[in-house]
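# Report on the structure
Read off the chains here:
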Amino acid sequence: MGKQIKAAVIREKGKVGFETVTIAEPKANEVLVRLVASGICHTDIAVLEQFLPVQYPMVAGHEGVGVIESVGPGVTDLAAGDRVIMTFPSCGVCDSCKNSHPYACEENFRLFFGGDYADGTRRLTGADGVEIGIMFGQGSFATHAIANQRNTIKVDVDSDEALAKLCSIGCGIQTGAGAVLNRMDPRPGSTIAIFGVGAVGLAAVMAAKIAGCSTIIAVHGRRGRDLAVEFGATHTINGRDGDVSAKIKEITGGKGVQYALECAGSLDMVTTMLDSMAKEGTAILVSVTADAELPIRLEPQIMNPSLTLAGAVEGCSNPKVFIPELVKFYNEGKLPVDKLNKFYKFDEINEALQDCHEGKVVKPILVF
Ligand SMILES: [Zn+2]
Ligand SMILES: [Zn+2]
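Here goes a summary of the coordinates provided. (Residues numbered from 1 in each chain as written. Chains lettered and ligands numbered in written order. Predicted model: local features only at pLDDT ≥ 70, side-chain atom pairs only at ≥ 80, totals over all residues. Heavy atoms only, no water.)

In space, the 6 strands of this open sheet follow the order β13-β12-β11-β14-β15-β16, with parallel pairing throughout. Only two strands of the sheet have a single neighbouring strand rather than two, namely β13 (235-238) and β16 (308-311). Adjacent strand axes in the sheet meet at a mean angle of 15°, parallel and antiparallel pairs treated alike. Pairing analysis gives 5 bridges linking strand β11 (residues 191-195) to strand β12 (residues 215-220), with the strands arranged parallel. When the sheet's bridge partners are listed, Thr 191 is paired in β12 with Thr 215. In the packing of helix α9 (residues 267-274) onto the sheet, the strands contacted are β11, β12, β14 (257-262), β15 (277-285) and β16, and the crossing angle to β15 comes to about 155°. (Pairing = 2+ DSSP bridges. Helix = DSSP H or I, 4+ residues; strand = E, 2+ residues; numbered from the N terminus. Axes fitted to C-alpha atoms, helices over the stretch in contact; angles between N-to-C directions. Contact = heavy atoms within 4.5 Å.)

The structure is reproduced here in structure tokens:
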């Protein structure tokens, strides 16, 4: 049974090839989504280039948006014809999930990168009869995907074109905006520094403005400075240019920032971030992955300033609540995520992945 779809399958490191594969019917609590568009995020590059230990064959892609074609048994809040954003998966039964903290799901690493759905099975089969894994409980680099209702969020938009602009809300924007609004929850008037202004960092800048931070310092690389200013950064610092933490201290009257977010994927930046904090500051990591080790001088950097250093997966978000909030901010003009987008045809996926990898485009979007 099932239907034939077109999918971009990874069978060896660094290579994506189009294949006709079979997708099964949705099982209990699942939906079949016809993709309208999918964002590309650096985590897709990590899967493609084996920066993370994933097994192939796999269909990557985890910022899919589309229209529900059919629903499996037990689906309650979604129906055929609904326009949806797919987001990160969670098991639904562990302590974190029961406490509405699905980002901290005990199964999250397996569900993000293991290739299977939560029940340990797969829905895609290649022409050779061998099953194909999917990333993040969706695998959005395909014309169709199956997702659980837990990671499928209905959005109120009136066209596919409008929906396609919102892809990045499913991962990158949720990660950056959530780290600020959910994890930090800064009081109005707070000071914040954001290290790295790709899609995640720019979302954090927008969120810091929404939260009413009065000093928003964007530490940028070759690109991103102008967008950071457009979205609300009050100060910018070139991260490659001199003593960044000294400049942050100077901007904040010698105190350092109360909040900081590292989303540049750079260990050096983490060290700089720790040296840039005010007393009792909160420093959040969202992008440093794999087995990176960080030298920390405990007394001066953590103990004496009573600093909090923490990680935040997917913006510490409960997506059923937070994604509709982000869409509302977008509709109000406070979260202009569409300004990050560059659209590509699905057939141009290799070019889009390359542009993402090289940082030429903040948010490449594949359109189906
Ligand atoms: Zn769970
Ligand atoms: Zn992502």
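A word on the pattern of salt bridges. Across all of its chains, the model carries 20 salt bridges by this definition. Across the pair Asp 116 and Arg 122 runs a salt bridge whose closest N-O atoms are separated by 2.6 Å. A salt bridge links Arg 225 to Asp 226; the nearest nitrogen and oxygen atoms lie 3.2 Å apart. Here Arg 225 falls in the partly exposed class, since its relative accessible area comes to 39%. (Salt bridge = Lys/Arg side-chain N within 4 Å of Asp/Glu carboxyl O. Buried < 20%, exposed > 50% of the residue type's maximum accessible area, 1.4 Å probe, protein only.)

What follows concerns the packing of helix α5 (residues 172-184) against helix α6 (residues 199-211). Where α5 meets α6, the closest approach of the two axes is 7 Å, and the angle between their N-to-C directions is 40°. Classified by the angle between their axes, α5 and α6 sit oblique to one another. Helix-helix and strand crossings are classified by hand; for α5 and α6 the assignment is right-handed. Two secondary-structure elements touch here, α5 through Gly 172, Ile 173, Thr 175, Gly 176, Ala 177, Val 180 and Leu 181 and α6 through Ala 199, Val 200, Ala 203, Ala 204, Ala 207, Ala 208, Ile 210 and Ala 211. Here the residues of the contact of α5 with α6 are counted per class, giving 12 nonpolar, 3 polar and no charged. (Parallel < 35°, antiparallel > 145°, perpendicular 65-115°, else oblique. Left-handed = near helix turned anticlockwise from the far one by under 90°. Nonpolar A, V, L, I, M, F, W, Y, C, P; charged D, E, K, R; others polar.)

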